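Here is how the chains run, residue by residue.
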Amino acid sequence: MGDNIDKLVRKEIKEIAPYVPGKPIDDVKRLYNLKRIIKLASNENPLGYSQKVKEALRENLDNINRYPDGSGYYLKKELSNFLNIPEDEIILGSGSSEVISLAIETFVNPGEEVIYPFPSFIIYRILVLKVGGVPVEVPLEENFSYNLNKFFERITSKTKVIILCNPNNPTGTIVYKEQLEKFLSKIPDNIIIISDEAYFEYVENKNFGTCFPYYKDKNIVLTRSFSKIYGLASLRIGYGIGKSEILNYMERIRPPFNTTGLAQIAAITALNDQDFVKKSINVNKEGKRFLYGSFEKLGIEYIPTEANFILCKFKQDATDIVKELEKRGIIIRGMKSFNLSNQYVRITIGTEEENKLLIKELSEIIKYQK
Ligand SMILES: Cc1ncc(COP(=O)(O)O)c(C=O)c1O
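Residues numbered from 1 in each chain as written. Predicted model: local features only at pLDDT ≥ 70, side-chain atom pairs only at ≥ 80, totals over all residues.

1. Side note on the overall build of the protein
Assigned secondary structure in the protein consists of 14 helices and 13 strands. Relative to its length of 370 residues, the protein is compact, with a C-alpha radius of gyration of 21 Å against a globular reference of 21 Å. Each of the three principal axes of the protein carries a C-alpha extent, and together these read 60 × 55 × 50 Å. Relative to its full complement of 370 residues, the protein shows a buried share of 41%. In the protein, the share of contacts with a sequence separation of at least 24, taken over all contacts with a separation of at least 6, comes to 75%. (Helix = DSSP H or I, 4+ residues; strand = E, 2+ residues; numbered from the N terminus. Rg over C-alpha atoms; globule rule 2.2 N^0.38 Å. Buried ≥ 20, exposed ≤ 12 C-beta atoms within 10 Å, placed from the backbone. Contact = placed C-beta atoms within 7 Å.)

2. A closer look at the sheet that holds strand E2 (residues 90-93)
The strand order across the open sheet built from seven strands is E2-E8-E7-E6-E5-E3-E4, with neighbouring strands paired in mixed fashion. The strands lining the two open edges of the sheet, one partner per strand, are E2 and strand E4 (134-139). Across this sheet, the average inter-strand angle for adjacent strands is 25°, counted without regard to direction. (Pairing = 2+ DSSP bridges. Axes fitted to C-alpha atoms, helices over the stretch in contact; angles between N-to-C directions.)

3. Describing unusual backbone geometry
Here Phe 118 and Pro 119 are connected by a cis peptide whose omega angle stands at -5°. Position of Pro 119 relative to the elements: it lies in the loop between strand E3 (113-118) and helix H7 (123-130). Here the residue pair Asn 169 and Pro 170 is connected by a cis peptide bond, since its omega of 20° sits within 30 degrees of zero. For Arg 236, which is not a glycine, the phi torsion comes out positive at approximately 55°. Tracing the chain through its elements places Arg 236 in the loop between strand E7 (220-225) and strand E8 (238-241). Despite not being glycine, Asn 339 has its phi angle at roughly 60°, a positive value. Owing to 12 C-beta atoms within 10 Å, Asn 339 belongs among the exposed residues under this scheme.

4. Comments concerning the pairing of strand E6 (residues 192-196)
With five of five residues buried, E6 is to be regarded as a mostly interior element. Of the two faces of E6, both are covered, the one formed by Ile 192, Ile 194 and Asp 196 as well as the one formed by Ile 193 and Ser 195. As defined by bridge partners, strand E5 (residues 159-165) adjoins E6 across five bridges and the pair is classed as parallel. Opposite Ile 163, over in E6, you have Ile 194 as the bridge partner. Tracing the backbone out of E5, into helix H9 (residues 177-186) and back to the parallel element E6 gives a crossover that is right-handed. Two strands pair when backbone bridges link them, and E6 and E7 are joined in this way by four bridges, in the parallel orientation. Bridge pairing links Ile 193 to Ile 220 in E7. (Right-handed = clockwise from strand over helix to strand, strands pointing away.)

5. Points about helix H10 (residues 244-253)
When H10 is considered as a whole, its buried residues turn out to be Ile 246, Leu 247 and Met 250. Mapping the buried residues of H10 onto a view down its axis gives an arc of 85°, with all of them on the same face. Exposed side of H10, more than 90 degrees from the buried face: Glu 245 and Arg 252 are the residues found there. If you follow the buried residues of H10, they end up packed against E2, helix H6 (96-107), E7 and E8. (Arc of directions from axis to C-beta.)

6. Points about the nonpolar core
Among soluble globular proteins, nonpolar side chains are generally buried collectively. In terms of nonpolar packing, the biggest core is built from 86 residues, with Ala 103, Ile 104, Val 161, Ile 163, Leu 232 and Ile 332 touching the most fellow members. Residue-level mapping places this core at the junction of two domains, with at least three residues from each of domain 1 (23-48 + 275-369) and domain 2 (51-273). Look past the residues within four positions of Ile 104 in its chain and what remains in contact with it is Val 114, Leu 127, Val 128, Val 131, Gly 133 and Val 161. (Core = buried A, V, L, I, M, F, W, Y, C linked by C-beta atoms within 7 Å. Domains from an automatic or database assignment.)

7. Brief notes about the domain arrangement of the protein
How big an interface is tends to be stated in terms of accessible area lost as the parts join. Assigned domains within the protein: domain 1 (23-48 + 275-369) and domain 2 (51-273). Each of domain 1 and domain 2 has a C-alpha centre, and these two points are 26 Å apart. Ranked by the residues each element gives to the side of domain 1 that touches domain 2, the list is headed by helix H12 (residues 274-298), at seven residues. Within the side of domain 1 that touches domain 2, the residues separate by chemical class into 12 nonpolar, nine polar and five charged. (Nonpolar A, V, L, I, M, F, W, Y, C, P; charged D, E, K, R; others polar.)

8. Description of the sheet that holds strand E10 (residues 309-313)
On the basis of which strands lie adjacent, the open sheet formed by four strands has the order E9-E10-E13-E12 and antiparallel pairing. Strands at the two margins of the open sheet, each flanked by one partner only, are strand E9 (301-303) and strand E12 (333-334). Across two bridges, the pairing between E12 and strand E13 (residues 344-348) is antiparallel. Bridge assignment links Arg 333 to a residue of E13, and that residue is Arg 346.

9. A short note on the site of the ligand
Neighbouring the ligand are 13 residues; Gly 95, Ser 96, Ser 97, Ser 225 and Ser 227 lie closest to it. Considered class by class, the residues forming the shell around the ligand number four nonpolar, eight polar and one charged. (Near = placed C-beta within 6 Å.)

10. A word on the pairing of E4
Bridge count between E3 and E4: six bridges; the pairing is parallel. Within E4, the position partnered with Tyr 116 by the bridge is Glu 137. For the segment spanning E3, H7 and E4, crossover handedness is right-handed.

Spelled out as structure tokens, the structure:
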């Protein structure tokens, strides 16, 4: 029976390794019989989400028997006001990852190449393989910074898309404005740039190079998310920005009801609660400083981050440390699934209390290991 399915399935799909998400809280609770879990594994907002969103969701529970407005008319209008751009330069997705997927499906023919960084967000490889494209992974520099010249050098006659993950997951490093401008000025019109900016709200560096100022002049699909700073990961909502000529084609293959009514309402309300966003940014900033200091005291190397997570490098294999933390109710992410060595872990910045507990447990584990 299994043999038969093997013969039926497309060969491109066979090459795809399944996506490994951060461990769900309930799994760890069950496994170790724990009451409280601190999840610092999926770059979620530790503050939860805006109370105003909670109220708006409660008020709109009655309509879930109806299909949503597939076009997301009101959310697009809200985003259009918020970003000061026309509505037809916005596309909605079931998370920003769906927008990335739609862009790749719209533009990449079998055999065409897609350039993106290594290490980076795992789904790029999956999405490229899915359409029969060829992944071209460009290693970041030794300190995980971007060198866009290296991306440019990898362009061939088969290159169709270049993905910039900015800030990059799992390194937290960014593309700088000057770098980006130089790079974009050299990119020919037959290449689409996808700029994945799921974490851009967290960036502190003034020289950050968002693609936003350039999308009207270049072939750019810029993606942003409500899953991170807005804390709506479970509702699956994100958006893309691009010229209408580009988005109109992506709209043709967008599933008709890809964003739910509740998600649209939540996103509209969340956009109107920028106080929650500011608070989230501040908690992240403070957590970042605390964790930097603590890692230094513990002799743990880290990559300075512009996002809500920190890539750390332990002196030895960190697999046991990740496991021991899990037993103590703290989930972080080993980086084997990102094809990095097992010395690396990625830790999402939590609340002050969560960060302190993490450091307390981590100190004990490291002391015990020495
Ligand atoms: C770089 C990056 N882009 C996109 C996403 C997906 O976000 P969404 O929930 O909007 O699909 C993630 C989620 O972890 C991410 O790390």
